[in-house]
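Structural features, examined
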Amino acid sequence: MHIKCFSKAFDTLRHSTTLQKLSTLPIPDHIYNWFVNHFQNHSHVTKFLGQLSQPASINSSVFQGSVIGPPLFIVNGIDLKPFHSGNVMDKYADDTYLLVPACNDHTVSDELQSIERWAEANNLKLNKAKSKEMIIFASVRGEKIFCNPPLVLDIIRVDCIKVLGVLIDDSLTFKAHIASICNTAAQSLYAIKILKSHGLDPQSIFFICSATVVSRLTYAITAWWDFISATDKQKLQAVLNRAKRWTFYSETSPSIADICVKRDHKLFYNLLYNHNHVLHCLLPPESSKYTV
């Protein structure tokens, strides 16, 4: 598995290239025209020693703070595909994940060259310093079966990577993620304790605890909760228990398990009744008959 990043991706993305790829999508004309208008007539000036430079047109970059930034980058990456069949490429904004099975390990160099060619054609540059390689090991009776395919030059091999904010190790477990979020949450609890000692009111403390500690513990929890051990679940709950003892978290507030169950139900309800939900297509076909 490889992670590819592009240097200053949101600054160098060409408007003309993005609009060209948008035009290939089945979107209404008025939506496409809105994007055209969105990219027009943007410029910037530089002020130095009280003097302003002449305006310079902005013909590349995704404007910071725009909610359409990541989707536009996804559109721009429509034509970024694996070079060899059997390999898989998952993309979100400027993060690209290339999955290469063991039978295709000889194709890694070709894939990297293909990505570099695509990046050059799209005014981007592959950032090898931030890219990582991780080999996922098979295991028998808890022991890893070691294989050592050719090392990819200029890319560091690691035993744990962060995928959209969630740490996954080379055995496809989330132990590193649990350790990381518990450590970060514990630091947040200590910071809240200092704020309390300086007179912060209880209501504000509850809000801060929910916004920092609880949000960190439950980030993307529906993706990994069912894959962690009972011991790891207890570690997460132990952080909340400490927050309760320090009166940062209400005794009547839900546990980690209750939060997860509620989010699972909400997610399933949304994808069941929202036909435009990205996961709706994974549901089995509707059945008009019931069997006993």
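Heads up: the structure comes first, above all this text.
Residues numbered from 1 in each chain as written. Predicted model: local features only at pLDDT ≥ 70, side-chain atom pairs only at ≥ 80, totals over all residues. Heavy atoms only, no water.

**Observations concerning a nonpolar patch on the surface**
Nonpolar side chains collect at one region of the surface, where I74, Y92, L164 and Y219 lie side by side and expose about 380 Å² of accessible area between them. With respect to the helices, strands and loops of the structure, Y219 is situated in the loop between α7 (202–217) and α8 (221–224). (Patch = residues over 30% accessible without salt bridge, like charges linked within 9 Å, V, L, I, M, F, W, Y side chains within 5 Å. Areas by Shrake-Rupley, 256 points an atom, 1.4 Å probe, with all protein chains shown as cover. Salt bridge = Lys/Arg side-chain N within 4 Å of Asp/Glu carboxyl O. Helix = DSSP H or I, 4+ residues; strand = E, 2+ residues; numbered from the N terminus.)

**Structural notes on the packing of aromatic side chains**
Here the structure, examined in full by the defined rule, presents 4 aromatic pairs. For the ring pair W34 and F35, a centre distance of 5.2 Å and an interplane angle of 85° mean the geometry is edge-to-face. Overall, F35 belongs to the buried group, its relative accessible area being 13%. Directly above the ring of F83 sits R117, whose terminal nitrogen or CZ lies 5.6 Å from the centroid. If you follow K193 out to its NZ or CZ, it ends over the ring of W246, 4.5 Å from the centre. (Phe/Tyr/Trp six-rings, centres within 6.5 Å; stacked < 30°, edge-to-face > 60°. Buried < 20%, exposed > 50% of the residue type's maximum accessible area, 1.4 Å probe, protein only. Lys NZ or Arg CZ within 6 Å of the ring centre and 35° of its normal.)

**A closer look at the pairing of strand β12 (residues 160–163)**
Pairing analysis gives 4 bridges linking β12 to strand β13 (residues 166–169), with the strands arranged antiparallel. Pairing of I161 across the sheet is with I168, part of β13. Linking β12 to β13, which pair antiparallel, is a turn of 2 residues; within it L164 sits at a positive phi near 50°. (Pairing = 2+ DSSP bridges.)

**Looking at the pairing of strand β7 (residues 95–99)**
Here strand β6 (residues 88–92) runs beside β7; their pairing, made up of 5 bridges, is antiparallel. The residue of β7 that forms the bridge with D90 is Y97. Where β6 folds back on β7, the antiparallel hairpin that results is connected by 2 residues, among which A93 adopts a positive phi of roughly 50°.

**Description of the environment of I194**
Inspection of the secondary structure assignment puts I194 in helix α6 (residues 175–197). A relative accessible area of 36% places I194 in the partly exposed class. Along the backbone, I194 and K125 are 69 residues apart, and their C-alpha atoms lie at a distance of 44 Å.

**Comments concerning the packing of α7 against helix α9 (residues 230–245)**
Put simply, α7 and α9 touch, their axes get as near as 10 Å, and they point 165° apart. The angle between α7 and α9 places the two elements in the roughly antiparallel class. The interaxial crossing formed by α7 with α9 has left-handed handedness. Of the residues in α9, those in contact with C209, V213, V214 and L217 of α7 are L236, V239, L240 and A243. (Axes fitted to C-alpha atoms, helices over the stretch in contact; angles between N-to-C directions. Parallel < 35°, antiparallel > 145°, perpendicular 65-115°, else oblique. Left-handed = near helix turned anticlockwise from the far one by under 90°. Contact = heavy atoms within 4.5 Å.)

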